[in-house]
Amino acid sequence: MHNTILWLHGFPLSSASFAPQRAIPAIHVMPDLPGFGSTPARAGMTIEDYARFALAELDHRGIDQVTLAGFSMGGYVAFAVARLAPERVRGLLLIDTRETPDSEDARRGRLEMIAKVGAEGVQVVADAMLPKMLTSGAPPDMTNRVREIMLSASPEGTITALGAMANRADSSSLLPTLTIPALVVVGEEDAITPPADAERMARLLPSARLVRIANASHMANYEQSEMFNRAVEEWMNRS
Ligand code: MLT
């Protein structure tokens with residue numbers, strides 16, 4: 001029986017950002033969080049609400065325990081899942097994310113972005129974030145596809161997620177309590193959640209391996225999918 005992996009996507013992306021990970025031999029659960037991809041937005045969600053949504057997806061499929069994989073915002077949601085239902089998490093895969101909350105500056109930036117999305121639409125987020133998602137060496141068709149995925153987010157969902165991320169909890173004290181096997185992966189050129197964040201999380205987790213992916217920025221799983229998938233498979237075979 002294969003391991004089941006629940007993949008939680010980042011902002012403003014969708015499950016499509018995990019398409020290359022379907023090559024990993026496992027059972028994959030890849031929901032679109034509300035407001036992204038094909039799932040309609042729900043107003044006023046918190047990070048814990050996204051976690052409850054993800055748990056309901058597992059209930060719906062009759063899945064008890066999973067390896068939980070969270071990319072960036074999906075990592076924030078993964079921490080909330082681990083807080084709400086630790087018994088359902090048998091392993092943790094943290095991809096280009098961080099356990100710390102927003103700084104005051106970052107929170108202010110989110111509020112400004114909420115106003116801009118309200119006035120101009122989701123392309124302002126795509127314009128601001130796309131250059132930080134992939135390295136400048138990424139093939140143009142990859143960059144175009146990531147932009148397309150971003151533009152599939154709804155304005156309501158984007159605004160809701162910005163508010164949820166701005167108000168997210170500090171998960172620093174959670175990490176030392178997670179004794180399950182963990183893999184922390186980071187793109188060496190990630191400027192949004194840099195390698196220093198990954199190193200700190202790996203130190204806080206009792207049972208973590210850290211893998212750095214060369215020639216990758218924030219979306220390490222997408223930009224260097226073969227290297228990423230190999231790291232995940234090796235980790236799953238050992239843990
Ligand atoms: C993401 O990729 O999910 C976002 O960059 C996370 C964030 O803005 O904190």
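All values reported here derive from a predicted model rather than from experimental measurement.

(A) Fine view of the pairing of strand β3 (residues 66-71). Where burial is concerned, most of β3 is hidden: six out of the six residues are buried. Residues of β3 alternate between two faces, with Val66, Leu68 and Gly70 on one and Thr67, Ala69 and Phe71 on the opposite face, all of them buried.

(B) Examining the side chain of arginine 168 more closely. For arginine 168, the location among the structural elements is in the loop between α6 (155-166) and β5 (182-187). The exposure class assigned to arginine 168 is buried, which follows from its relative accessible area of 7%. Among the polar contacts listed, one links the side chain of arginine 168 to the backbone oxygen of methionine 165, at a separation of 3.0 Å. Ignoring anything within four residues of it in the chain, the contact list for arginine 168 reads Ile47, Tyr76, Arg98, Thr100, Pro101, Asp102 and Arg110.

(C) Molecular detail of the site of the ligand. Around the ligand sit Gly10, Phe11, Phe71, Ser72, Met73, Tyr76, Arg110, Met129, Met165, Ile192 and His218, and that is every residue in its neighbourhood. The contact in question runs from an oxygen atom of the ligand to an N or O atom on the side chain of serine 72, over 2.9 Å. Alone, the ligand offers 260 Å² of accessible surface; in the complex the protein occludes 93% of this. Tallied by class, the residues present in the shell around the ligand amount to seven nonpolar, three polar and one charged.

(D) Up close: α6. Look at α6: 17 Å from first C-alpha to last across 12 residues, which is about the 16 Å you get at 1.5 Å a residue. Contacts from the buried residues of α6 go to α1 (47-61), α2 (73-84), α3 (104-120) and α4 (123-133).

(E) Quick peek at the packing of aromatic side chains. Scanning the model with the defined rule gives two aromatic pairs in all. With a centroid separation of 5.1 Å and 45° between ring planes, the pair formed by tryptophan 7 and phenylalanine 18 is classed as tilted. Placement of the pair is tryptophan 7 in strand β1 (residues 4-8) and phenylalanine 18 in the loop between β1 and β2 (27-29), with a sequence separation of 11 residues. It is arginine 168 that lies over the ring of tyrosine 76; its NZ or CZ is 3.8 Å from the centre.

(F) Region of interest: the pairing of strand β6 (residues 208-213). The pairing of β5 with β6 spans six bridges and is parallel. Looking at the pairing, leucine 183 lines up with arginine 209 of β6. Crossover β5 to β6 through helix α7 (residues 195-204) is right-handed.

(G) View of the environment of serine 172. The residue serine 172 is located in the loop between α6 and β5 in this model. Along the sequence, serine 172 and phenylalanine 53 sit 119 residues apart, while their C-alpha atoms lie 23 Å from each other. Discounting residues that sit within four places of it in the chain, serine 172 has contacts with Glu99, Thr100 and Leu204. At 2.5 Å, the side chain of serine 172 and the side chain of aspartate 170 are in polar contact.

(H) View of the sheet that holds β6. Reading across from one edge, β2-β1-β3-β4-β5-β6 is the order of the six strands in this open sheet, with parallel pairing throughout. On the outer flanks of this sheet lie β2 and β6, each paired with one strand and no other. Between one strand axis and the next, the sheet turns by 20° as a mean value, whatever way the strands run. Where β1 and β3 come together, four bridges link them in parallel fashion. Bridge assignment links leucine 8 to a residue of β3, and that residue is glycine 70. Those strands touched by helix α9 (residues 225-238) are β1, β3, β4 (89-95), β5 and β6, and its axis lies near 165° from that of β6.

Scoring rules and cut-offs
Residues numbered from 1 in each chain as written. Predicted model: local features only at pLDDT ≥ 70, side-chain atom pairs only at ≥ 80, totals over all residues. Heavy atoms only, no water. Buried < 20%, exposed > 50% of the residue type's maximum accessible area, 1.4 Å probe, protein only. Helix = DSSP H or I, 4+ residues; strand = E, 2+ residues; numbered from the N terminus. Polar contact = N/O pair within 3.5 Å; in protein donor to acceptor, adjacent residues only side chain to side chain. Contact = heavy atoms within 4.5 Å. Near = heavy atom within 4 Å. Areas by Shrake-Rupley, 256 points an atom, 1.4 Å probe, with all protein chains shown as cover. Nonpolar A, V, L, I, M, F, W, Y, C, P; charged D, E, K, R; others polar. Expected span 1.5 Å × (residues − 1). Phe/Tyr/Trp six-rings, centres within 6.5 Å; stacked < 30°, edge-to-face > 60°. Lys NZ or Arg CZ within 6 Å of the ring centre and 35° of its normal. Pairing = 2+ DSSP bridges. Right-handed = clockwise from strand over helix to strand, strands pointing away. Axes fitted to C-alpha atoms, helices over the stretch in contact; angles between N-to-C directions.

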